[in-house]
Amino acid sequence: MTMRLVTSELVESREILPGQWLQSYHAPQIAASSRAGQFVHIRTGDYSGLVLRRPFSVNTADLATGMITIHFRTIGRGTEWFTHLRPGDPIDVLGPLGRPFEVDPRSRRLLLIAGGLGMAGVRYLADEAIQDGRQVTLLFGAASAREVYPSSLLPDEVEYVIATDDGSVGRRGFVTELIPEYEAWADQAFACGPAGMLAALARQATGRRERLGVAKLGRRRGGGRVDPVGSPAARRKAFLQVSMEQNMGCAVGACLGCVVMGVSGTPQRVCREGPVFASDEINWEAGW
């Protein structure tokens, strides 16, 4: 996969939820080379007074039209700048960046879990999975009905299950409380959201094999080879993969501003070793 620096034009911008925007850009080279889980790094206009680029998950990518979309919340001057763009305005895009999700070829049933804006991290995987003939259930958690991602923006084939903290729509409670109903059905799970949610999911995944009495993906009779931690092969065999959200400076691995701690004690760069990790690669108890 080749990283490119391109100038892209805004095609459409709309506020899909209060303070949350979905924007479409014409970026054929990036659309053609992106995989679910990767991200782009976009520079704001020179007049904004902001130096650093902003990272955005590739929310969707369409090879036929050359379109990519990004989904973001306005949280500061940088993201606010994007909301004032108009169709035809050019932006400077670097991407695709980072490691993608790794789906085992034998997995037929995928469980996607998103908390709030974490939808942007797993949304593209729903498209890829449906195109590959897989079944997809997407569990989504939000504080209330006003923050629930519109079902109209998902493929019709996706089973969409919602949990809200206040019970104003869907199940009452946290999205993590839905996992016991689906962990036996799913061949693999993929998640993006707040760190606390991902840590809770990682704890649940750790005990899954013992609870269900299932074998690890990739286990073969007489097989003694161990895939290196963090390798695509090792990640494909993990039940749970997570997409981490961290503030980034360079997004190319040089500044070490986005590290999380690996189980080996080695800092892992979210922009390079991630943003996708197998959940058992991360030391969830370490501060970062």
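Asker: Describe the sheet that holds strand 2 (residues 20-26), naming the residues involved and giving the relevant values.
Answerer: Sheets are built from strands that pair by backbone hydrogen bonding, the pairs being arranged parallel or antiparallel. Taken in spatial order, the seven strands make up an open sheet running 4-3-7-1-2-6-5, and their pairing is antiparallel. With partners counted over all chains shown, the strands left at the sheet margins are strand 4 (54-57) and strand 5 (60-62), one partner each. Direction aside, neighbouring strands of the sheet carry axes that sit 35° apart on average. The strands touched by helix 3 (residues 119-131) within the sheet are strand 4, strand 5 and strand 6 (67-73), with strand 5 carrying the most contacts at an inclination of about 40°.

Asker: Could you give me a rundown of the side chain of Ser 107, with the residues and numbers involved?
Answerer: Residue placement: Ser 107 occurs in the loop between strand 7 (90-97) and strand 8 (109-115). A polar side-chain atom of Ser 107 sits 2.8 Å from a polar atom in the side chain of Gln 188.

Asker: For the state of the cysteines, give the residues involved together with the corresponding values.
Answerer: Throughout this description, disulfide means a covalent bond between two cysteine sulfur atoms. A full pass over the atoms with the stated rule returns zero disulfides. Not engaged in a disulfide, the cysteine Cys 192 finds its nearest cysteine sulfur in Cys 258; these two sulfurs lie 14 Å apart.

Asker: How would you explain the pattern of salt bridges if you had to name every residue and give the values?
Answerer: It is possible for side chains bearing opposite charge to pair when their charged atoms get close. The full count for this structure, using the stated rule, is 12 salt bridges. Between Asp 92 and Arg 53 there is a salt bridge, with its nearest N and O atoms 2.5 Å apart. Of this pair, Asp 92 sits in strand 7 while Arg 53 is found in the loop between strand 3 (39-43) and strand 4, placing the two residues 39 residues apart along the sequence. Owing to a relative accessible area of 16%, Asp 92 belongs among the buried residues under this scheme. For the salt bridge of Arg 235 with Glu 281, the shortest nitrogen-to-oxygen distance reads 2.7 Å.

Asker: If you had to explain the environment of Gly 121 to someone new, which residues and values would you point to?
Answerer: Secondary-structure assignment places Gly 121 in helix 3. What makes Gly 121 buried here is its relative accessible area of 7%. In the structure, Gly 121 is positioned 115 residues away from Val 6 in sequence and 22 Å away in space, judged by C-alpha atoms. Excluding residues within four positions of it along the chain, Gly 121 makes contact with Gly 37, Ser 57, Phe 101 and Cys 192.

Asker: Outline helix 3, supporting the account with residue identities and numerical values.
Answerer: Here helix 3 is 13 residues long and its end C-alpha atoms lie 19 Å apart, about the 18 Å a rise of 1.5 Å per residue gives. Counted residue by residue, helix 3 has 10 buried out of 13 residues, so it is predominantly covered. Residues Met 119, Ala 120, Gly 121, Val 122, Arg 123, Tyr 124, Leu 125, Ala 126, Asp 127 and Ala 129 constitute the buried set of helix 3. Looking one or two residues beyond helix 3, the residue adopting positive phi is Gly 133, at roughly 80°.

Asker: Please provide a residue-by-residue account of helix 4 (residues 195-206), values included.
Answerer: The end-to-end C-alpha distance of helix 4, which contains 12 residues, comes to 16 Å, matching closely the 16 Å that a straight helix rising 1.5 Å per residue would cover. Buried-residue contacts for helix 4 involve strand 8, strand 12 (188-192), helix 5 (208-212) and strand 13 (240-243).

Asker: Explain the packing of aromatic side chains to me, using residue names and the numbers behind them.
Answerer: Scanning the entire structure with this criterion turns up six aromatic pairs. Judged by centre distance (5.1 Å) and plane angle (85°), the rings of Trp 81 and Phe 82 are edge-to-face. Owing to a relative accessible area of 0%, Phe 82 belongs among the buried residues under this scheme.

Asker: Would you mind going over the nonpolar core in detail, with residue names and values included?
Answerer: Counting residues in each nonpolar core, the largest one holds 49 residues, and the members touching the most others are Val 40, Leu 112, Met 119, Phe 140 and Tyr 160. With six residues, helix 3 is the single largest residue contributor to this core. If sequence neighbours within four positions are ignored, Met 119 has contacts with Asn 59, Ala 114, Leu 138, Phe 140, Tyr 149, Leu 154 and Tyr 160. Counting 34 residues, the second largest nonpolar core, distinct from the first, contains Leu 94, Leu 240, Cys 258 and Val 270.

Asker: Outline the sheet that holds strand 13, supporting the account with residue identities and numerical values.
Answerer: Ordered in space as 11-10-9-8-12-13-16, the seven strands form an open sheet in which the pairing is mixed. In this open sheet, the two strands that pair with only one neighbour each are strand 11 (171-172) and strand 16 (276-278). As judged from the four bridges shared by strand 12 and strand 13, these two strands associate in the parallel manner. Paired with Ala 189 across the strands is Leu 240, a residue of strand 13. The strands touched by helix 3 within the sheet are strand 8, strand 9 (135-142), strand 10 (159-164) and strand 12, with strand 8 carrying the most contacts at an inclination of about 160°.

Asker: Before we move on, could you go through unusual backbone geometry and cite the residues and values that matter?
Answerer: Residue Pro 96 follows Gly 95 across a cis peptide bond; omega there is -5°. Assignment of secondary structure puts Pro 96 in strand 7. Omega for the bond connecting Gly 274 with Pro 275 falls within 30 degrees of zero, at 10°, which places this linkage in the cis form. One can find Pro 275 in the loop between strand 15 (267-269) and strand 16.

Scoring rules and cut-offs
- Residues numbered from 1 in each chain as written.
- Predicted model: local features only at pLDDT ≥ 70, side-chain atom pairs only at ≥ 80, totals over all residues.
- Heavy atoms only, no water.
- Pairing = 2+ DSSP bridges.
- Helix = DSSP H or I, 4+ residues; strand = E, 2+ residues; numbered from the N terminus.
- Axes fitted to C-alpha atoms, helices over the stretch in contact; angles between N-to-C directions.
- Contact = heavy atoms within 4.5 Å.
- Polar contact = N/O pair within 3.5 Å; in protein donor to acceptor, adjacent residues only side chain to side chain.
- Disulfide = S-S within 2.5 Å.
- Salt bridge = Lys/Arg side-chain N within 4 Å of Asp/Glu carboxyl O.
- Buried < 20%, exposed > 50% of the residue type's maximum accessible area, 1.4 Å probe, protein only.
- Expected span 1.5 Å × (residues − 1).
- Phe/Tyr/Trp six-rings, centres within 6.5 Å; stacked < 30°, edge-to-face > 60°.
- Core = buried A, V, L, I, M, F, W, Y, C linked by side-chain atoms within 4.5 Å.

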